[in-house]
Amino acid sequence: MKLILGIETSCDETAAAVVTANGEIASNVVASQAELHTAFGGVVPEIASRRHLELVNPVIQQALREAGATLDDVGTVAVTAYPGLIGALLVGVSAAKALAWARRLPLVPVNHLHGHVASLYLKPLDLEPPFTCLLASGGHTMLLDVQERGGYRALGTTLDDAAGEAFDKGARLLGLGYPGGREIDELAKQGDPAAFDFPVARVPGLDFSFSGLKTALLYAVRDLSPQELAARRPDLAASYQRAIVRALVERVEAVDAKRVAVVGGVAANSELRVALPQAALAPLPLCTDNAAMIASAARYAEALPYPDYLSLDARATAG
Ligand code: KG4
Ligand code: ZN
């Protein structure tokens, strides 16, 4: 049985994975560039593209090696084609096209968001639709109605910042590193979530809004002296995290779904995972960006036959 080689370079993770046709992960390699961007408090697109270029081939080779496979075993190449940083996406798409073309293989262009949902279709979880899916990442926060593995329908989305972006911007205000979600998650464990009363935005329907919360944190930080800030940082982190988690959980509960699943980088948040005990949670290594989820999505998306994909282009937007 031929293998699927997945490639993901939409943001600041250079990733490659080998997945079997029935959804077993044979390897899942992620090279994070976080330390390159941390001095800037966020991803610098040009730096990300350049680093992807250096890493993409070694990461693909490592994924094949760890799977005990060679290109002879690969039947399909899958790559994130949209949405993301355009220069970053182009590196993965070009690598995928070159590989597929050289081996006369079909290529599957994958929607990164579909990839996050498809992290649930890998073994051993292997979740079957229908379910309502909360997708919370650095770039997106959406509620999705998933009726089949090939796609989804958006029920709600963020009107401003994504939940992960709120974590990252909050971390920056608190003087923590990038990416901020894990830093706040860790620091919040030593803090009191009731110490500060941060607002949960109530917008109509099933949409989200996080920009007001970020402003509330900014004001709280500004009101403190440097010494006070140092002492209260864990309380601020815990209260801020509580507000984000409450906003996400409230929206999920508003749908009254029979089954709920949570995917994306923010799905790694320890408080969110505890707050939704009934939900199917993407396994931790599959929450943040990876290529196994891209290979997984490719099993339910249309493949472009050789050599039709030579004109394939990456796209920054989801639409
Ligand atoms: O899915 P992902 O890797 O990339 C995008 O598609 O955007 O998500 C990255 C986001 C970042 O904003 C990061 O701060 C957040 O996920 N994140 C977390 C945690 N781990 C990563 N947020 C909250 N708690 C965490 N433990
Ligand atoms: Zn992502």
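This text gives an overview of the structure that appears in the document. (Residues numbered from 1 in each chain as written. Chains lettered and ligands numbered in written order. Predicted model: local features only at pLDDT ≥ 70, side-chain atom pairs only at ≥ 80, totals over all residues. Heavy atoms only, no water.)

The next point concerns the pattern of salt bridges. The final tally for this structure, using the stated rule, is 13 salt bridges. Lys123 serves as the salt-bridge partner of Asp126, at 3.7 Å between the closest nitrogen and oxygen. Accessibility expressed as a relative area gives 27% for Asp126, which makes it partly exposed. For Lys123, a relative accessible area of 30% translates into the label partly exposed. A salt bridge links Arg149 to Asp126, with the nearest nitrogen and oxygen atoms 2.9 Å apart. One end of the pair, Arg149, is in the loop between β7 (141–146) and β8 (153–157); the other, Asp126, is in the loop between α4 (112–118) and β6 (131–136), with 23 residues separating them in the sequence. If you follow the salt bridges from partner to partner, you end up with Lys123, Asp126, Glu128 and Arg149 in one network. (Salt bridge = Lys/Arg side-chain N within 4 Å of Asp/Glu carboxyl O. Buried < 20%, exposed > 50% of the residue type's maximum accessible area, 1.4 Å probe, protein only. Helix = DSSP H or I, 4+ residues; strand = E, 2+ residues; numbered from the N terminus.)

Residues in contact with ligand 1 amount to 20 residues; listed here are only the nearest, Gly138, Asp168, Gly181, Asp185 and Asp289. In the environment of ligand 1, an oxygen atom lies 3.2 Å from a nitrogen or oxygen atom belonging to the side chain of His112. Separating an oxygen atom of ligand 1 from a backbone N or O atom of Gly265 is a distance of 3.1 Å. Isolated, ligand 1 exposes 560 Å² of accessible area, and the fraction of that covered by the protein chains is 90%. At the level of secondary structure, the elements contributing two or more residues to the shell around ligand 1 comprise α4, α5 (163–173) and α6 (180–188). Considering every element that reaches the shell around ligand 1, the biggest residue donor is α6, with four residues. (Near = heavy atom within 4 Å. Polar contact = N/O pair within 3.5 Å; in protein donor to acceptor, adjacent residues only side chain to side chain. Areas by Shrake-Rupley, 256 points an atom, 1.4 Å probe, with all protein chains shown as cover.)

Judged by pairing direction, the sheet is mixed, and its five strands sit side by side in the order β8-β7-β6-β9-β10 without closing on themselves. Each having just a single partner strand, β8 and β10 (280–281) make up the two edges of the open sheet. Bridge count for β6 against β7 is six bridges, and the pairing is antiparallel. Considered in β7, the bridge of Phe131 is made with Val146. On the sheet, helix α8 (residues 226–255) packs against β6, β7, β8 and β9 (260–263) and is oriented at approximately 25° with respect to β7. (Pairing = 2+ DSSP bridges. Contact = heavy atoms within 4.5 Å. Axes fitted to C-alpha atoms, helices over the stretch in contact; angles between N-to-C directions.)

Okay, the packing of aromatic side chains next. Counting across every chain of the model gives five aromatic pairs. Here the aromatic rings of Phe208 and Phe210 are separated by 6.3 Å at their centres, their planes lie at 15°, and the arrangement is stacked. Neither Phe208 nor Phe210 differs from the other in exposure class; each is buried. A network of ring pairs unites the aromatic residues Tyr121, Phe131 and Tyr300 as a single cluster. (Phe/Tyr/Trp six-rings, centres within 6.5 Å; stacked < 30°, edge-to-face > 60°.)

Right, let's talk about the side chain of Asn290 for a bit. Its location among the elements puts Asn290 in the loop between β10 and α10 (292–298). A distance of 3.2 Å separates a polar side-chain atom of Asn290 from the backbone oxygen of Leu286. Within the structure, Asn290 has its side chain in polar contact with the backbone oxygen of Thr288 (distance 2.9 Å). Excluding residues within four positions of it along the chain, Asn290 makes contact with Glu8, Ala15, Asn28, Val30 and Pro285.

We now examine α5. Side chains of residues three or four places apart in an α-helix project in the same direction, reflecting 3.6 residues per turn. The set of residues buried in α5 consists of Ala163, Gly164, Ala166, Phe167, Asp168, Gly170 and Ala171. Where α5 is buried, its residues meet β6, β7, α6, α7 (211–222) and α8.

It is worth spelling out the packing of α7 against α8 at this point. Running from amino to carboxyl end, α7 crosses α8 at an angle of 165°, the nearest separation of the two axes being 11 Å. Here α7 is positioned roughly antiparallel relative to α8, judged by the angle of their axes. At the point where α7 passes α8, the crossing takes the right-handed sense. Of α8, the residues touching α7 (which contributes Leu213, Lys214, Leu217, Ala220 and Val221) are Leu229, Leu236, Tyr240, Ala243 and Ile244. A per-class count over the contact of α7 with α8 returns nine nonpolar, no polar and one charged. (Parallel < 35°, antiparallel > 145°, perpendicular 65-115°, else oblique. Left-handed = near helix turned anticlockwise from the far one by under 90°. Nonpolar A, V, L, I, M, F, W, Y, C, P; charged D, E, K, R; others polar.)

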